[in-house]
Amino acid sequence: MFLFRIKSELSSLKVSFIFFLPLLAFLIKNSMKNIVLITGATSGIGLACAKKFAGNGHDLIITGRRNDRLNKISEQLEQDHSVKVLTLNFDVRDNGAVKNALTNLPEEWSKIDILINNAGLAVGMSTVQNGEIDDWERMIDTNIKGLLYVTRAVLPGMTERRKGHVINIGSVAGKEVYPFGNVYCATKHAVDALTKGIRIDTVKQGIKVTQIAPGAVETEFSVVRFKGDENRAHSIYKGFEPLHPEDIATVAYFATTLPAHANINDLVIMPTAQASATILNKE
Ligand code: NDP
Ligand code: 8X3
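On a predicted model such as this, the values are computed, not experimentally measured, just so you know.

> What is the right way to read the overall build of the protein chain from this model?
If you tally the helices and strands in the protein chain, you get nine helices and seven strands. Counting across all 283 residues of the protein chain, residues that qualify as buried make up 36%.

So this is what it looks like as structure tokens:
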């Protein structure tokens, strides 16, 4: 009789275990779910980050100017990873559009945990004496002012909740200056400085602020820099294996998995074949 009772209690425990386990797993997974805002997620590093974070179960807000791409990417990510994706179509250079999109978010999207400031570009390569003013303005407005506009819109929510992680995509160009890189290098040096400044400004609220500074990554970056000249763009990556955008996504994701007390301040990542901005072991 006693044995029978133990047996039946064990089997009911087994039933409730089987019943509750998936529920428990669901609750744990949801409590660890973050809302990750990635700017410039329509290609390259931003897109790779979107895939990485979605693949790890996080909900995403993805932004960019090419709305057709945003819609396709969001559909695919929701289908592949059962996460929620919100697309926001704006130009980071337009502070009105940035504010409108990011300060009027639906309640369920308003608590952004991780901001990846990735949208950016280089346009042209020339000396300052021969430089195109319009190219300079595009770089300065996107890489510096755009990053600031987005951060200004998102950061108050993080500091209020005393929780958040800002990851700025800098560059080796923010660590060194190379020939014909002048203005692009200046914008990435600004990202380097702003990363340090934002960390100082939010240290009391416990906000994590990280810069990831990559060397050569094969994306649409050089096609944009050389204004659509695909041959010139592809020639940049010939003779060595460049980084893949997924490599940057891997380290960005890793930075977000450290415990609350640990932060990566600055991470420089280059292809193994690259020793500095200008020294490459090309075959
Ligand atoms: P891509 O050209 O592939 O991606 C750039 C992304 O930025 C696109 O999604 C683009 O979206 C977005 N973007 C550009 N301008 C704007 C704008 N005005 N408003 C909104 N979104 C914008 O290049 P990468 O992935 O390589 O570049 C991502 C970041 O990485 C940049 O900050 C770049 O400086 C940095 N970086 C790149 C390296 C490389 O070697 N590739 C190395 C080091 C750093 P859309 O056109 O749809 O608006
Ligand atoms: C992109 C890498 O070396 O072209 O930031 O500046 S580099």
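> Which parts of the structure should I look at to understand the site of ligand 1?
Among the 29 residues in the neighbourhood of ligand 1, the closest are listed as Gly40, Gly44, Gly64, Arg65 and Gly120. Broken down by secondary-structure element, the contributors of at least two residues to the shell around ligand 1 are α2 (44–55), α5 (133–161) and α7 (221–225). Among the elements that take part in the shell around ligand 1, α2 stands out by supplying three residues, more than any other. Grouping the amino acids of the shell around ligand 1 by side-chain chemistry returns 12 nonpolar, 12 polar and five charged.

> Explain unusual backbone geometry here, please?
For residues besides glycine, phi is generally negative; the peptide bonds are generally trans as well. Phi is positive for Arg162, close to 55 degrees, though the residue is something other than glycine. Tracing the sequence through the fold places Arg162 in the loop between α5 and β5 (165–169). Residue Arg162 is classed as exposed on the basis of its C-beta count, with 11 C-beta atoms lying within 10 Å. The phi angle at Phe180 is positive, at roughly 70 degrees, despite the residue not being glycine. Mapped onto the fold, Phe180 is located in the loop between β5 and α6 (182–202). Residue class for Phe180 comes out partly exposed when judged on the 14 C-beta atoms lying within 10 Å of it.

> Whenever I open this one, the pairing of strand β3 (residues 85–89) confuses me. Can you help?
The side chains of a regular strand alternate, residue by residue, between the two faces of the sheet. Bridging between strand β2 (residues 59–64) and β3 involves five bridges; their strand directions are parallel. Of the residues in β3, the one forming a bridge with Leu60 is Val85. One crossover worth recording links β2 to the parallel β3 by way of helix α3 (residues 67–81), and it is right-handed.

> Help me understand the sheet that holds β3, please; the structure alone is not making it clear to me.
The strands making up a sheet are joined through hydrogen bonds of the backbone, oriented either antiparallel or parallel. Across the sheet, which stays open at both edges, the seven strands sit in the order β3-β2-β1-β4-β5-β6-β7 with parallel pairing between neighbours. Strands with a single pairing partner mark the edges of an open sheet, and in this sheet they are β3 and β7 (266–269). Neighbouring strand axes in the sheet, compared pairwise and without regard to direction, differ in orientation by 15 degrees on average. Across the sheet, α3 touches β2 and β3, and the angle it forms with β3 is around 175 degrees.

> Just checking my understanding: could you explain the nonpolar core for this structure?
One broad trend across soluble globular proteins is that nonpolar side chains are buried collectively. Ile38, Cys49, Ala50, Leu60, Ile62, Ile116 and Val154 are the most contacted members of the largest nonpolar core, which has 63 residues in total. Of all the elements, α5 adds the most residues to this core, at eight residues. Sequence-distant contacts of Cys49, that is, excluding residues within four places in its chain, are made with Ile38, Ile116, Asn118, Ala249 and Ala252.

> Would you mind going over the packing of α2 against helix α9 (residues 245–255) with me for this structure?
Each pair of packed helices can be summarised by the angle the axes make with each other and by the distance between the axes. Following both chains from N to C, one finds α2 and α9 inclined at 50 degrees, their axes separated by 8 Å at the closest point. One way to sum up the angle between α2 and α9 is to call them oblique. Regarding α2 and α9, the two cross each other, and that crossing is right-handed. Taking contact as the criterion, the partners of Gly44, Ile45, Leu47, Ala48, Cys49, Lys51, Lys52 and Phe53 in α2 are, on α9, Pro245, Glu246, Ile248, Ala249, Thr250, Ala252 and Tyr253. Looking at the contact of α2 with α9 residue by residue, the class counts come to 10 nonpolar, two polar and three charged.

Reading guide: rules and limits
- Residues numbered from 1 in each chain as written.
- Chains lettered and ligands numbered in written order.
- Predicted model: local features only at pLDDT ≥ 70, side-chain atom pairs only at ≥ 80, totals over all residues.
- Helix = DSSP H or I, 4+ residues; strand = E, 2+ residues; numbered from the N terminus.
- Buried ≥ 20, exposed ≤ 12 C-beta atoms within 10 Å, placed from the backbone.
- Near = placed C-beta within 6 Å.
- Nonpolar A, V, L, I, M, F, W, Y, C, P; charged D, E, K, R; others polar.
- Pairing = 2+ DSSP bridges.
- Right-handed = clockwise from strand over helix to strand, strands pointing away.
- Axes fitted to C-alpha atoms, helices over the stretch in contact; angles between N-to-C directions.
- Contact = placed C-beta atoms within 7 Å.
- Core = buried A, V, L, I, M, F, W, Y, C linked by C-beta atoms within 7 Å.
- Parallel < 35°, antiparallel > 145°, perpendicular 65-115°, else oblique.
- Left-handed = near helix turned anticlockwise from the far one by under 90°.

Such coordinate-based values are descriptive only and should not be taken to indicate function.
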